[in-house]
Amino acid sequence: MDKIKQLSHWIADANRIVFFGGAGCSTESGIPDFRSGNGLYSKHYGQLSAETILSHSFFQKEPELFYDFYRKYLYFPNAVPNRAHKILAKLEEQGKLLGIVTQNIDNLHQEAGSKNVKELHGSLSRNYCSTCKVPYDTEDIISLEGVPRCECGGIIRPDIVLYEESLDSMVIEESLQMIYDADVLIVGGTSLAVSPANSFIRYYRGNQLALINLSSTPFDYKADLVIHEKLGDVLEQAYEGAL
Ligand code: OAD
């Protein structure tokens, strides 16, 4: 059977779909991913790689450079949800999708209307003072020049997981439970190159794992259906076919 038709059948019969996604989910919204040819990791900042800049120790040592990079390459205030985000939100509203586990920090699933979103790597839409932990809105800190500082003098930071930092244990637990409970697991727009997130899909127990990604991943062999096409195209066609 045609692969997209197969996915349509799975979606039509499912009521506990879980979507596990990454940066490829937001490229159609104009946010570059990390590891494609023109992705964020192709950007070098002098001698520094993006991985270095997005690390905990670099943030502490060089917050000016971190914030300069953040404003140029990380924060996309004008990006809006695309077809993939919207279809996933509709599936949740229809009671077919349990929730989303995402590595993205762009808040676009929530902007599309998704409610149950586990953000493994945090979110740029939340910020807090690294000293006194007071929360700050992104609009308030982005309008400031240079390094945003709290009234207490501490540096304000985005609530994202930097390299050298751990994932939130509650988010891990809830994500793994959701994947464990899934009848259909759709993995989309992620190279599955980053640990520990890429190991999460091992918690899926079913036999309807669809992996949709433009390029191949180290976990293609684990999927029951592998589609190397655009996520928006595939979800749109599969969703329409399931109606
Ligand atoms: P990557 O950039 O590693 O992978 C994105 C994948 O999406 C690539 O394999 C692309 O081929 C694919 N892709 C791009 N556009 C697509 C589209 N329209 N449809 C289908 N596939 C598409 O991004 P992630 O896997 O999300 O972590 O990266 C994981 C983590 O690496 C990020 O969360 C970030 C980074 O280090 C932290 O910053 C902690």
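An account of the accompanying structure is given in this report.

Definitions and cut-offs
- Residues numbered from 1 in each chain as written.
- Predicted model: local features only at pLDDT ≥ 70, side-chain atom pairs only at ≥ 80, totals over all residues.
- Heavy atoms only, no water.
- Helix = DSSP H or I, 4+ residues; strand = E, 2+ residues; numbered from the N terminus.
- Near = heavy atom within 4 Å.
- Polar contact = N/O pair within 3.5 Å; in protein donor to acceptor, adjacent residues only side chain to side chain.
- Areas by Shrake-Rupley, 256 points an atom, 1.4 Å probe, with all protein chains shown as cover.
- Nonpolar A, V, L, I, M, F, W, Y, C, P; charged D, E, K, R; others polar.
- Phe/Tyr/Trp six-rings, centres within 6.5 Å; stacked < 30°, edge-to-face > 60°.
- Buried < 20%, exposed > 50% of the residue type's maximum accessible area, 1.4 Å probe, protein only.
- Pairing = 2+ DSSP bridges.
- Axes fitted to C-alpha atoms, helices over the stretch in contact; angles between N-to-C directions.
- Contact = heavy atoms within 4.5 Å.
- Core = buried A, V, L, I, M, F, W, Y, C linked by side-chain atoms within 4.5 Å.

**Details of unusual backbone geometry**
At step 1: In this chain, Ser195 is followed by Pro196 through a cis amide linkage whose omega measures 5°.
At step 2: With respect to the helices, strands and loops of the structure, Pro196 is situated in the loop between strand 9 (185–188) and strand 10 (209–212).
At step 3: Positive phi values are uncommon outside glycine, yet Asn107 reaches one of about 70°.
At step 4: Considering the arrangement of structural elements, one finds Asn107 in the loop between strand 4 (97–102) and helix 6 (108–112).
At step 5: Despite not being glycine, Lys133 has its phi angle at roughly 70°, a positive value.

**Quick word on the site of the ligand**
At step 1: As a matter of local geometry, the ligand sits amid 23 residues, with Arg35, Tyr41, Tyr163, Thr190 and Ser191 nearest to it.
At step 2: A distance of 3.2 Å separates an oxygen atom of the ligand from a polar backbone atom of Gln103.
At step 3: Within the complex, 94% of the 800 Å² of free accessible area of the ligand lies under protein.
At step 4: The residue inventory of the shell around the ligand, partitioned by class, reads eight nonpolar, eleven polar and four charged.

**Topic: the packing of aromatic side chains**
At step 1: What the rule picks out here adds up to eight aromatic pairs.
At step 2: Measuring from ring centre to ring centre gives 5.4 Å for Phe66 and Tyr67, while their planes differ by 85°; the resulting arrangement is edge-to-face. The exposure classification of Phe66 matches that of Tyr67, with both residues buried.
At step 3: Summarising the aromatic geometry, the rings of Phe66 and Tyr70 are spaced 6.3 Å apart at their centres and angled 35° between planes, so their arrangement reads as tilted. Of this pair, Phe66 and Tyr70 are both found in helix 4 (residues 63–74), four residues apart, which corresponds to roughly one turn of the helix.
At step 4: Looking at Phe66, the relative accessible area reads 1%, which means it is buried.

**Concerning the sheet that holds strand 10**
At step 1: Read from one edge to the other, the open sheet built from six strands follows the order 5-4-1-9-10-11, with strand pairing classed as parallel. A strand with exactly one partner marks an edge of an open sheet, and here the two such strands are strand 5 (117–119) and strand 11 (225–227). Sheet twist, expressed as the mean angle between neighbouring strand axes with direction ignored, is 15°.
At step 2: In the sheet, strand 10 pairs with strand 11 via three bridges, with the strands oriented parallel. Bridge assignment links Ile212 to a residue of strand 11, and that residue is Ile227.
At step 3: Contacts between helix 1 (residues 3–13) and the sheet are confined to strand 1 (17–21), strand 9, strand 10 and strand 11, with strand 11 contributing the most and set at about 125° to the helix.
At step 4: The strands that helix 9 (residues 231–242) touches are strand 1, strand 9, strand 10 and strand 11; relative to strand 10, the one it contacts most, it runs at about 140°.

**Quick word on the nonpolar core**
The tendency in soluble globular proteins is for nonpolar side chains to be buried side by side.
At step 1: Among the nonpolar cores identified, the biggest contains 26 residues, and Leu7, Phe19, Ile186, Ile212 and Leu235 are the most heavily contacted of them.
At step 2: Top contributing element to this core by residue count: helix 9, with five residues.
At step 3: Here Phe19 is in contact with Cys25, Leu88, Leu97, Gly99, Ile100, Val101, His109, Ile186, Val187, Gly188 and Leu231, once residues within four sequence places are set aside.
At step 4: If you look at the next biggest cluster of nonpolar residues, it comprises 25 residues, including Phe58, Tyr70, Cys129 and Ile141.

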